[in-house]
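Fold and geometry: a report
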Protein chains: 2
Amino acid sequence: MDAQDIRDLIQWHVTAARRAEQAGFDILYVYSGMGYLPYQFLLSDYNRRTDAYGGSVRNRVRLTEELIDAVRNATGGRCAVALRMSMQELRSRPSDVAESEAHELVGLLRDTPDLFDVKMDYSAFDCSPSRFSAEGSHEPVIDFMKSVTDKPVVGVGRFTSPDTMVSMIKRGVLDLIGGARPSIADPFLPQKIDEGREADIRECIGCNLCISSWHDGVWVRCTQNPTAGEEYRRGWHPEKVSKDAAGSVLVIGGGPAGLEAALVLARRGFSVTVAEAGHAFGGRLIWESALPGLRQWFRVIDYRLGQLRGMANVTLYSESPMTAAEAMEFGADHIVVATGADWDAALCGANEIPVGRVNGPGVFTPTDLAAGRMPAGPVAVHDFDNYYLGSAVAEMLADKGLAVTYVTTAGNAAAWAFMTNEQPQVHASFARRGVQVRTSERVAGFDGGVLRVAHMLSGAEAEVQVASLVIVGARVARSGLAEELRALGAASVHLAGDAHAPGALVHAICHAHRVAREVAAVPVLRRDFAVPG
Amino acid sequence: MDAQDIRDLIQWHVTAARRAEQAGFDILYVYSGMGYLPYQFLLSDYNRRTDAYGGSVRNRVRLTEELIDAVRNATGGRCAVALRMSMQELRSRPSDVAESEAHELVGLLRDTPDLFDVKMDYSAFDCSPSRFSAEGSHEPVIDFMKSVTDKPVVGVGRFTSPDTMVSMIKRGVLDLIGGARPSIADPFLPQKIDEGREADIRECIGCNLCISSWHDGVWVRCTQNPTAGEEYRRGWHPEKVSKDAAGSVLVIGGGPAGLEAALVLARRGFSVTVAEAGHAFGGRLIWESALPGLRQWFRVIDYRLGQLRGMANVTLYSESPMTAAEAMEFGADHIVVATGADWDAALCGANEIPVGRVNGPGVFTPTDLAAGRMPAGPVAVHDFDNYYLGSAVAEMLADKGLAVTYVTTAGNAAAWAFMTNEQPQVHASFARRGVQVRTSERVAGFDGGVLRVAHMLSGAEAEVQVASLVIVGARVARSGLAEELRALGAASVHLAGDAHAPGALVHAICHAHRVAREVAAVPVLRRDFAVPG
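First things first, this report covers the structure right here in the doc.

1. Some details on the overall build of chain A
Looking only at helices and strands, chain A features 21 helices and 22 strands. When contacts within chain A are restricted to residue pairs at least 6 apart in sequence, long-range pairs at least 24 apart make up 68% of them. Only carbon and sulfur atoms are counted for the fraction: they give 52% of the accessible area of chain A, which is about 22,000 Å². In chain A, the 52 positive side-chain charges and the 63 negative ones have mean positions that sit 2 Å from each other.

2. Topic: the sheet that holds strand S16 (residues 436–438) of chain B
All names here are of chain B. Strand order across the open sheet formed by 5 strands is S13-S20-S14-S15-S16, with parallel pairing between neighbours. Single-partner strands in this sheet number two, and they are strand S13 (363–364) and S16. When strand S14 (residues 379–383) meets strand S20 (residues 468–472), the two strands line up parallel, connected through 5 bridges. Residue Val-379 lies in a different strand from S20, and its bridge partner there is Ser-468. Strand contacts of helix H18 (residues 389–399): S14, strand S15 (404–408) and S20, with the helix running at about 170° to S14, the strand carrying the most contacts.

3. Here we look at the relation of the copies chain B and chain A
For the pair of chain copies, the relating operation is a rotation around an axis with a shift along it. Least-squares fitting of chain B to chain A yields an RMSD of 0.0 Å, with the superposition described by an axial translation of 0.1 Å and a rotation of 180°. Such a combination of turn and shift is consistent with a two-fold rotation axis. Relative to the rotation axis, the C-alpha of Gly411(B) is the closest in chain B, positioned 3.1 Å from it. When you check the interface residues of chain B against chain A, 100% turn up at the interface there too, and the contact is symmetric in its surfaces.

4. Examining the sheet that holds strand S9 (residues 334–337) of chain B
Residue and element names in this part refer to chain B. If you walk across this open sheet you meet the 5 strands as S8-S7-S6-S9-S22, and the pairing is parallel. Every other strand in the sheet has two partners, leaving strand S8 (314–317) and strand S22 (493–495) as the edge strands with one partner each. If you compare each strand with its neighbour and ignore which way they point, the axes differ by 15° on average. In this structure, strand S6 (residues 248–252) lies alongside strand S7 (residues 271–275), joined through 5 bridges in parallel fashion. Bridging across to S7, Ser-248 finds its partner in Ser-271. Its contacts with the sheet place helix H13 (residues 256–268) against S6, S7, S8 and S9, and it is angled at close to 170° to S7.

5. Focus on the side chain of Ser130(B)
Turning to its location among the elements, Ser130(B) is positioned in the loop between strand S3 (115–119) and helix H7 (139–142). At a separation of 2.7 Å, a polar atom in the side chain of Ser130(B) contacts the main-chain carbonyl oxygen of Ile205(B).

6. Examining the packing of H18(B) against helix H19 (residues 423–433) of chain B
Residues and elements named next belong to chain B. Running from amino to carboxyl end, H18 crosses H19 at an angle of 20°, the nearest separation of the two axes being 10 Å. The orientation of H18 relative to H19 falls into the category roughly parallel. Where H18 crosses over H19, the handedness of that crossing is left-handed. Contact residues: H18 offers Ser-391, Ala-394, Glu-395, Ala-398 and Asp-399, while H19 offers Val-426, Ser-429, Phe-430 and Arg-433. Split by residue class, the contact of H18 with H19 holds 4 nonpolar, 2 polar and 3 charged.

7. Section: the packing of H13(B) against helix H21 (residues 505–518) of chain B
Residues and elements named next belong to chain B. Packing of H13 against H21 leaves a shortest axis separation of 8 Å and a crossing angle of 30°. Overall, the two elements H13 and H21 adopt an arrangement that is roughly parallel. Regarding H13 and H21, the two cross each other, and that crossing is right-handed. Every residue of H21 that contacts H13 at Pro-256, Ala-257, Glu-260, Ala-261, Val-264, Leu-265 and Arg-268 is listed here: Leu-505, Ala-508, Ile-509, Ala-512, His-513, Ala-516, Arg-517 and Glu-518. Along the lines of polarity and charge, the residues of the contact of H13 with H21 split into 10 nonpolar, 1 polar and 4 charged.

8. With respect to the interface of chain B and chain A
Opposite the 26 residues of chain B that make contact, chain A presents 26 residues. For the pairing of chain B and chain A, the buried interface totals around 1,900 Å² over both sides, and the portion due to carbon and sulfur atoms is 56%. Note that Asp2(A) and Arg486(B) form a salt bridge whose closest N and O atoms lie 3.5 Å from each other. For the pair chain B and chain A, the number of links is 1 residue pair in polar contact (both at pLDDT 80 or more). No other element matches the 4 residues that H19(B) contributes to the side of chain B that touches chain A.

Calculation criteria
Residues numbered from 1 in each chain as written. Chains lettered and ligands numbered in written order. Predicted model: local features only at pLDDT ≥ 70, side-chain atom pairs only at ≥ 80, totals over all residues. Heavy atoms only, no water. Helix = DSSP H or I, 4+ residues; strand = E, 2+ residues; numbered from the N terminus. Contact = heavy atoms within 4.5 Å. Areas by Shrake-Rupley, 256 points an atom, 1.4 Å probe, with all protein chains shown as cover. Lys, Arg positive; Asp, Glu negative; His and termini not counted. Charge placed at Lys NZ, Arg CZ, Asp CG, Glu CD. Pairing = 2+ DSSP bridges. Axes fitted to C-alpha atoms, helices over the stretch in contact; angles between N-to-C directions. Least-squares fit on C-alpha atoms with pLDDT ≥ 70 in both. Polar contact = N/O pair within 3.5 Å; in protein donor to acceptor, adjacent residues only side chain to side chain. Parallel < 35°, antiparallel > 145°, perpendicular 65-115°, else oblique. Left-handed = near helix turned anticlockwise from the far one by under 90°. Nonpolar A, V, L, I, M, F, W, Y, C, P; charged D, E, K, R; others polar. Buried area = accessible area lost by both parts, 1.4 Å probe. Salt bridge = Lys/Arg side-chain N within 4 Å of Asp/Glu carboxyl O.

Structure follows, in structure tokens:
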């Protein structure tokens, strides 16, 4: 960039500021973090300029300063100007005049913006899943801000607990709490705190599924809040439904889908009975949330059980397996079947279609592990699901002291989980735990002692000596009960969640929500989305 | 899917057909290939049904047949119905009554659709780059169609040569030629053939950059045709520009950007002189197109040189290096500097910013290789560009008999090239050529005999014994000449292509095209895209 380029950049900010004011905004942001151009001026790794914008920290901060001034002047001071910065790299760099380059920089800018909005960096570690980072994980990077500037400071860190938020303010770390993910999970988070309704907060589980929507460039989805992204198109409110129903519903299965369906059905006014076969509610999450790092995912169950237990028109039964005949006999007007899915021992074919099968005492699926069967080591985990579970199973087995080889059909461990910012941390976790990784390979056979693997592209075969094999690949819906009920003449039977189509938690909960909205009702799409009749 | 689900699916096709007719379409497609649901019925890998839609080929084809009939009836036969099928998997399956399941299937459907549209499959090998597949690569899979059905057959295969197209028709393989990529590169391909203007065809180079746009869900881009995706927004015609200019332009640099700029400037009416320092035109493509599989990329140069050589207002000089003083003395009204970029020996830092540098007789960049310097083996290729070049260099070195270790910061070889359907074939090519692959590692040091690599995530270090290191990482623009010209007082100096900002070929050519449109002109954006003043 030459001097004219810099003037152009500042001028573009000026015209953008005017448009923003005209569009009704009160606070305008200058972005000088997360790899954006002004941040590349701040960081000496990028900035090798020899003019007034390069070299010393004083020079490197000049562009950011000029941008803030230009944006402020553009609206005659009518709009406040906020500065968003990434601090992690700068804080790791020594400074001659301050504790770090971050301290020096903020000192130079201390009175320039009206608001500092600060965070770690721009990596997958910044917006990290709960699997790998606790709430408030930015604090060690941004805790010095208030000692350097008197301007208000806002920060993020997947804050979901009111106590943590209050602590951040009281300890003088932040003046304002920022929270994108928690607000997606519960848009009424601030109001519920204000009203002292902490138990009603639908806490973000930190699965980062929302971030996959951003990576995909599609409408946001949220595991905890199935209405996210459907507020306009379907007119779904996060908590309210029309109280439009009467009659009774039997929900069979008390996992994520069953409980979500029950909650929506109960809010609609149905008399709802949930029958869960096992001794506890939670479905797949009972076992999965006990895997390394996944504890917070159980909030899916906690929130729904908490709400359901306070409702007079809901009855919850555990240890209540139901046959089709028993369900018919129960006599509810509608039946929702949310019986989940089983992991299958099918292998992955050369064209990535599940094909073949290995059996034997040394072969396991997550369904087996959840039932308490444990493989002997050394163990291979064959992942062609390629989201979180295969890697979490490998971590759990390694933590139990087994020698683990993780074999994936993809080029990376937990390949799809790059969408949720998990993947780099899975790699690091495997390195810490000594999990061996084999990529781009499928399992071609296993005889109880030797695992044959074949390269997905070259077909080259290799052998690995293991005593056990865990296959995390395809799933099969447990939809049989619904078919039996229909065969017995049940008029209103609805499959929900994994029992309908196995997917991620977000899919099961969203599907169950929709099914519950549509039982004995007409589906609604706004006119501008609707299909002509 | 139960029987009602199948009826629903067919009914959705019926309503879609009616909407399509209402919207003015004449031919309606039923998709029964590429992983779409009807294809999953055709293929026994997916279809494990035990009802009338599963088992025999006769049963598996039933859904496709019913869809075609339903779509035809939906418009009362006013629209033709085409069937798109993938044939590769089906052709590899034996049949009791025909040469393969593909033959049997097409035999059963022989009179059902009005048009067969057939292709290989739905993998990266189907829509394969020229780097790995020749024109017409689908023929061995679909060559039997005309022996089984009398209905017209259309097929694809990146057809760019009129001779190949004519041969497909004359030999009875196809009745109609399909070509998406060639039509993006040159929308006037059929007209140019019709008018006998084969030399004017802007032939698709098969880089598959267009497919990356599809993967990204953004407007199409094309290396050969920089106007693709800008027809509406900027009003760019693929071949025509307003003849709005007079005066002279000196274009310095005869690579892809310089030639594109020269062509547009000449069409606008300028008197254009191109000064190329080297003995041949072509820039980076002179060397790169000699790498394994990249020969067709030189069509970028062939097309532009061919056009320029027929224009009276264009003069092309090779072996004509230009200093700033010489360029000033030349006295053109405008100067376009298209001097390209150099590959840099910077390394990749832990946070993926180019940092540090290794020097020494055993260290090379692609710029060195292009200049004729050859590394000694064993050699490591360190790729953190992660598009095509690092892998093509590794292939070239392996073909010369060197032992090659490819080290990438990414999780896969040629990581970004999954966007162009290259990546799986790069993996296969490496396996064939014996190139060793190390992933998620950066080079931490090299002393001429030992290469130190560090894992990107765990930081774990390892050593590799190699005699040479080729770094395919960052590039630095050769923009110095433009700066000197401005310092000497040149009034109208324009950087174009890599000299402005190093990028892929598509970026350089698109940028040069835009610069050439905008020399002494006012940039145009349609009102609905334009920024308020």
